[in-house]
Amino acid sequence: MGFLFIKLYSYTLRKHPFKTNMVTTGTVFLLGDILSQQVLLKKGNDHDVERSIRSVAMGSCYSTPIALILYNLADKMFGRAKTLVNSIRKVALLSMFSPLTNSCYITCNNTLRGGVTLSQTLAQIQETLPGIVLASWGVWWPTSFFLFIAVPLRHRVLVSNIVGVLWTGYLTHATNPDIPADNGNAVVCGTNSVTDANSVTDANSVTDAVLLMPTVLLMLTVLLMLVVVVQLRVVLRINRT
């Protein structure tokens, strides 16, 4: 079944590369947001559907073109030689763009969200961006090395999306803080105190989970890359025969 999916994906990717990547990335962001809301926040029946729709839009219309542009830029600047030195150059290039792309992500997400002022967005970027960038480097450095060394250009978005399910769960949680309310009971970008003692406990539990996410993501990234490389090798052997 997995082989059939990869073959079907490869066919649609050749025929409609950008549309296929938009659909797969949007699906990944949807799964990541569901992971964030149901596992980290444990919302259950109170699932924020609007937030999930917004995550799909951000994945399809923002992350997809950004990823394709950066991957193509790295290949054009440094060539497609699958060497260690070349991969280090490409990973360094992508790392340089991480603060900018994540800042733009937060800004676009808040624009779609509505009701968030520019000052609140800037405060959120100032507070959350360092943690997001560090977590991004921890997850995407090993992933990017694997992509540039072992994965053809047309399959890179798919492979990164497999890792992206877990990463997006963290990202959507980190970039969707509660909007401050007039009564002062809401959390502003995760920094204000919460009046209810149970809410404080829940907030601390979620914070602890978020702090552990980069380490967990890194470990799972390595496992996922091993699974993907085995799948790709099998498919390549089937195609050659």
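Bear in mind that the values here come from a model prediction, so they are computed numbers and not experimental data. (Residues numbered from 1 in each chain as written. Predicted model: local features only at pLDDT ≥ 70, side-chain atom pairs only at ≥ 80, totals over all residues. Heavy atoms only, no water.)

Participant: Is there a simple way to explain the overall build of the protein in this structure?
Facilitator: Across its full length, the protein holds 7 helices and 0 strands. Ordered by position from the N terminus, the helices and strands of the protein form the series α-α-α-α-α-α-α. The proportion of buried residues among the 241 residues of the protein is 42%. By sequence separation, contacts in the protein at least 24 residues apart represent 74% of the contacts at least 6 residues apart. For the protein, the exposed area adds up to about 13200 Å²; of that, 67% sits on carbon and sulfur atoms. (Helix = DSSP H or I, 4+ residues; strand = E, 2+ residues; numbered from the N terminus. Buried < 20%, exposed > 50% of the residue type's maximum accessible area, 1.4 Å probe, protein only. Contact = heavy atoms within 4.5 Å. Areas by Shrake-Rupley, 256 points an atom, 1.4 Å probe, with all protein chains shown as cover.)

Participant: Can you help me understand the packing of helix H4 (residues 84-113) against helix H5 (residues 118-150) in this one?
Facilitator: Each packed pair of helices is defined by two parameters, the angle between the axes and the distance between the axes. Closest axis-to-axis distance for the H4/H5 pair is 8 Å, and the angle between their directions is 145 degrees. The two elements H4 and H5 cross, and the hand of that crossing is right-handed. Class assignment of the residues belonging to the contact of H4 with H5 gives a composition of 14 nonpolar, 12 polar and 1 charged. (Axes fitted to C-alpha atoms, helices over the stretch in contact; angles between N-to-C directions. Left-handed = near helix turned anticlockwise from the far one by under 90°. Nonpolar A, V, L, I, M, F, W, Y, C, P; charged D, E, K, R; others polar.)

Participant: What is the right way to look at the side chain of Asp75 in this model?
Facilitator: Secondary-structure assignment places Asp75 in helix H3 (residues 49-78). Asp75 has contacts with Arg80, Lys90, Phe148, Leu153 and Arg156, leaving out every residue within four places of it along the chain.

Participant: What am I meant to see in the pattern of salt bridges here?
Facilitator: Any two side chains of opposite charge can pair, given that their charged atoms come close. Tallied over the full model, the rule gives 3 salt bridges. Taking the shortest distance from any N to any O, the salt bridge between Arg80 and Asp75 comes out at 3.9 Å. Assessed through its relative accessible area of 56%, Arg80 is described here as exposed. A salt bridge links Lys90 to Asp75; the nearest nitrogen and oxygen atoms lie 2.6 Å apart. Taken together, the residues span a long stretch of sequence, with Lys90 in helix H4 and Asp75 in helix H3 at a distance of 15 residues. Across this residue pair, the class does not change: Lys90 and Asp75 are buried. One salt-bridge network, held together by shared partners, links Asp75, Arg80 and Lys90. (Salt bridge = Lys/Arg side-chain N within 4 Å of Asp/Glu carboxyl O.)

Participant: What am I meant to see in the environment of Arg80 here?
Facilitator: With respect to the secondary-structure elements, Arg80 resides in the loop between H3 and H4. For Arg80 and Leu153, which are 73 residues apart along the polypeptide, the C-alpha to C-alpha distance reads 8.9 Å. Beyond its immediate chain neighbours, meaning those up to four positions away, Arg80 contacts Asp75, Asn86, Lys90 and Leu153.

Participant: Honestly, a nonpolar patch on the surface in this entry has me stumped. Any pointers?
Facilitator: A cluster of nonpolar side chains, namely Leu30, Leu31 and Ile34, defines an oily patch on the protein surface of about 220 Å² accessible area. By the secondary structure assignment, Leu31 is in helix H2 (residues 17-40). (Patch = residues over 30% accessible without salt bridge, like charges linked within 9 Å, V, L, I, M, F, W, Y side chains within 5 Å.)

Participant: I would appreciate a short explanation of the state of the cysteines in the present structure.
Facilitator: Each disulfide consists of a covalent bond between the sulfur atoms of two cysteine residues. All chains considered together, the criterion is met by 0 disulfides. With no disulfide of its own, Cys104 lies 6.2 Å from the sulfur of Cys108, the closest cysteine sulfur. Residue class for Cys104 comes out partly exposed when judged on its relative accessible area of 30%. (Disulfide = S-S within 2.5 Å.)

Participant: Would you mind showing me how to read the packing of aromatic side chains here?
Facilitator: In this description, an aromatic ring pair is defined by two values, namely the gap between the centres and the angle between the planes. A full pass over the atoms with the stated rule returns 5 aromatic pairs. On the basis of an interplanar angle of 15 degrees and a centroid distance of 5.7 Å, the ring pair of Trp137 and Trp141 is categorised as stacked. Of the two residues, Trp137 and Trp141 both sit in helix H5, 4 residues apart, roughly one turn of that helix. Residue classification places Trp137 among the partly exposed positions, given a relative accessible area of 26%. Put simply, the rings of Phe29, Tyr62 and Tyr105 touch in pairs and so form one group of aromatic residues. (Phe/Tyr/Trp six-rings, centres within 6.5 Å; stacked < 30°, edge-to-face > 60°.)

Participant: What exactly am I supposed to notice about the nonpolar core here?
Facilitator: One recurring pattern in soluble globular proteins is that nonpolar side chains are buried together. If you look at the biggest cluster of nonpolar residues, it comprises 17 residues, and the most contacted ones within it are Tyr105, Ile132, Val139, Trp140, Trp167, Tyr170 and Leu171. Of all the secondary structure elements, the ones that give two or more residues to this core are H3, H4, H5 and helix H6 (156-174). Ranked by residue count, the leading element in this core is H5, at 7 residues. If you look at the next biggest cluster of nonpolar residues, it comprises 11 residues, including Leu70, Val91, Phe146 and Val159. (Core = buried A, V, L, I, M, F, W, Y, C linked by side-chain atoms within 4.5 Å.)

Participant: I'm lost on the packing of H2 against H3 in this one. Help?
Facilitator: Interhelical geometry of H2 versus H3 gives an angle of 135 degrees and a closest axis separation of 7 Å. By the angle between their axes, H2 is oblique relative to H3. Classified by chirality, the crossing of H3 by H2 is right-handed. Together, Phe18, Asn21, Met22, Thr25, Gly26, Phe29, Leu30, Asp33, Ser36 and Gln37 of H2 and Arg51, Ser52, Ser55, Val56, Gly59, Ser60, Cys61, Ser63, Thr64, Pro65 and Leu68 of H3 make up the contact between the two elements. Classifying every residue of the contact of H2 with H3 gives 8 nonpolar, 11 polar and 2 charged. (Parallel < 35°, antiparallel > 145°, perpendicular 65-115°, else oblique.)

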